[in-house]
Amino acid sequence: MSDVILVFTDWDGVLVHPAFMHTVPTEKYADIFNSNNLSADPIDPVSFGLLNHLFFERPELNMVCSSTWRADGRENLEQGLKDAHASLSRALNTPDLPYAIRFHDIPGEPDSWRTDFGLDTDMDLARGKAIDQYLIRYCDPNQKYIILDDDADFEAHQKSVLIRMNGYRGFGIEEFIQAEDLIGAMRFSALSAPQKPCVPGA
């Protein structure tokens, strides 16, 4: 049985959100924006820090990007996460702050870090369907996972693992606690059936 738990993660409304944008003085925000390689809004260091802490405390977690931001490529997304980590480290004066985010990597499957695109990239798959397709392609359907998103376009069988947040303020303390509780329940649930491992090298 695989111990890994996948974290299907949206970007907008989870890591990137207006609450952070509105806390930064306009001239400083312009500096942050202009230095961002994604040509998009930067990740909130606080939301990143909470998610990073969750991954640090739970080594069984692997991230899968389910956001439209996956079109920017893994390298750019990782750079945005590392920029948020650096900002948080400076703010806390903690240069040795661990970086714990792990994308899901399966040998021989270079796209296992993200969900697939639809046939027409201008009309992406509904997020819930894209997650189901990912599980069919890479894992047993019983693979344990959670979803972090501010939208509601998910399948009925996914509602129990969806942590839906307010897109204005993103991933916060409330969502962190919900994730901890949900992951804890998964680890000790008697309902977890044996499954094909969805882990690197399996």
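Throughout what follows, the structure given in this document is the object of discussion. (Residues numbered from 1 in each chain as written. Predicted model: local features only at pLDDT ≥ 70, side-chain atom pairs only at ≥ 80, totals over all residues. Heavy atoms only, no water.)

**Topic: the pairing of strand β3 (residues 145–149)**
Within a regular strand, the side chains alternate between the two sheet faces.
Phase 1 of the analysis: In terms of residue burial, β3 counts as a mostly covered element, since 5 of its 5 residues are buried.
Phase 2 of the analysis: Alternating residues of β3 divide into Y145, I147 and D149 and I146 and L148, and every residue in both groups is buried.
Phase 3 of the analysis: As paired strands, strand β1 (residues 5–9) and β3 are joined by 4 bridges and run parallel to one another. Counted as the bridge partner of F8 is I147 from β3.
Phase 4 of the analysis: Across 3 bridges, β3 lies against strand β4 (residues 162–164) in parallel orientation. (Buried < 20%, exposed > 50% of the residue type's maximum accessible area, 1.4 Å probe, protein only. Helix = DSSP H or I, 4+ residues; strand = E, 2+ residues; numbered from the N terminus. Pairing = 2+ DSSP bridges.)

**Topic: the packing of aromatic side chains**
Phase 1 of the analysis: Applying the stated criterion across every chain, the model contains 5 aromatic pairs.
Phase 2 of the analysis: Between the aromatic rings of F8 and Y145, the centroid separation amounts to 5.6 Å while the plane-to-plane angle is 90°, which identifies the pairing as edge-to-face. On the criterion of sequence distance, the pair formed by F8 in strand β1 and Y145 in strand β3 is long-range, its members being 137 residues apart. Residue F8 shares its accessibility class with Y145, and that shared class is buried.
Phase 3 of the analysis: Judged by centre distance (6.0 Å) and plane angle (25°), the ring pair of F48 and Y99 falls under stacked. Of this pair, F48 sits in helix α3 (residues 45–57) while Y99 sits in the loop between α4 (74–92) and α5 (127–138), placing them 51 residues apart in sequence.
Phase 4 of the analysis: With a relative accessible area of 0%, F48 lands in the buried category.
Phase 5 of the analysis: Looking at Y99, the relative accessible area reads 30%, which means it is partly exposed.
Phase 6 of the analysis: Here a set of aromatic residues connected by ring pairs shows up, and it is made of F8, Y134, Y138 and Y145. (Phe/Tyr/Trp six-rings, centres within 6.5 Å; stacked < 30°, edge-to-face > 60°.)

**So, the environment of H85**
Phase 1 of the analysis: As for its position among the elements, H85 is in helix α4.
Phase 2 of the analysis: Between the C-alpha atoms of H85 and I43, which are 42 residues apart in sequence, the distance is 9.4 Å.
Phase 3 of the analysis: Setting aside anything within four residues of it in sequence, one finds H85 in contact with F48, L97, P98 and Y99. (Contact = heavy atoms within 4.5 Å.)

**Brief notes about the pairing of β1**
Phase 1 of the analysis: Of all 5 residues making up β1, 5 are buried, and the element is well covered by its neighbours.
Phase 2 of the analysis: What you see with β1 is no split at all: I5, V7 and T9 on one side and L6 and F8 on the other are buried throughout.
Phase 3 of the analysis: Here β1 runs beside strand β2 (residues 61–65); their pairing, made up of 5 bridges, is parallel. Pairing of T9 across the sheet is with C65, part of β2.

**What to know about unusual backbone geometry**
Phase 1 of the analysis: A positive phi is found at N93, a non-glycine position, where the angle reads about 55°.
Phase 2 of the analysis: You can see N93 is positioned in the loop between α4 and α5.

**Description of the packing of α3 against helix α6 (residues 173–188)**
Phase 1 of the analysis: Viewed as axis vectors pointing N to C, α3 and α6 meet at an angle of 20°, and their least axial separation amounts to 10 Å. One way to sum up the angle between α3 and α6 is to call them roughly parallel. Of the two elements, α3 crosses α6, and the hand of that crossing is right-handed. Contacts between α3 and α6 pair L50, H53 and L54 from the former with I173, F176, A179, E180 and I183 from the latter.
Phase 2 of the analysis: Classifying every residue of the contact of α3 with α6 by side-chain character gives 6 nonpolar, 1 polar and 1 charged. (Axes fitted to C-alpha atoms, helices over the stretch in contact; angles between N-to-C directions. Parallel < 35°, antiparallel > 145°, perpendicular 65-115°, else oblique. Left-handed = near helix turned anticlockwise from the far one by under 90°. Nonpolar A, V, L, I, M, F, W, Y, C, P; charged D, E, K, R; others polar.)

**Comments concerning the nonpolar core**
Phase 1 of the analysis: Residues L6, F8, W11, L51, I146, L148 and F171 are the most contacted members of the largest nonpolar core, which totals 49 residues.
Phase 2 of the analysis: Put simply, the parts of the chain that give this core at least two residues each are β1, α3, β2, α4, α5, β3, β4 and α6.
Phase 3 of the analysis: The residues contacting F171, other than those within four sequence positions of it, are V14, S47, L50, L51, L54, L148, M165 and F176. (Core = buried A, V, L, I, M, F, W, Y, C linked by side-chain atoms within 4.5 Å.)

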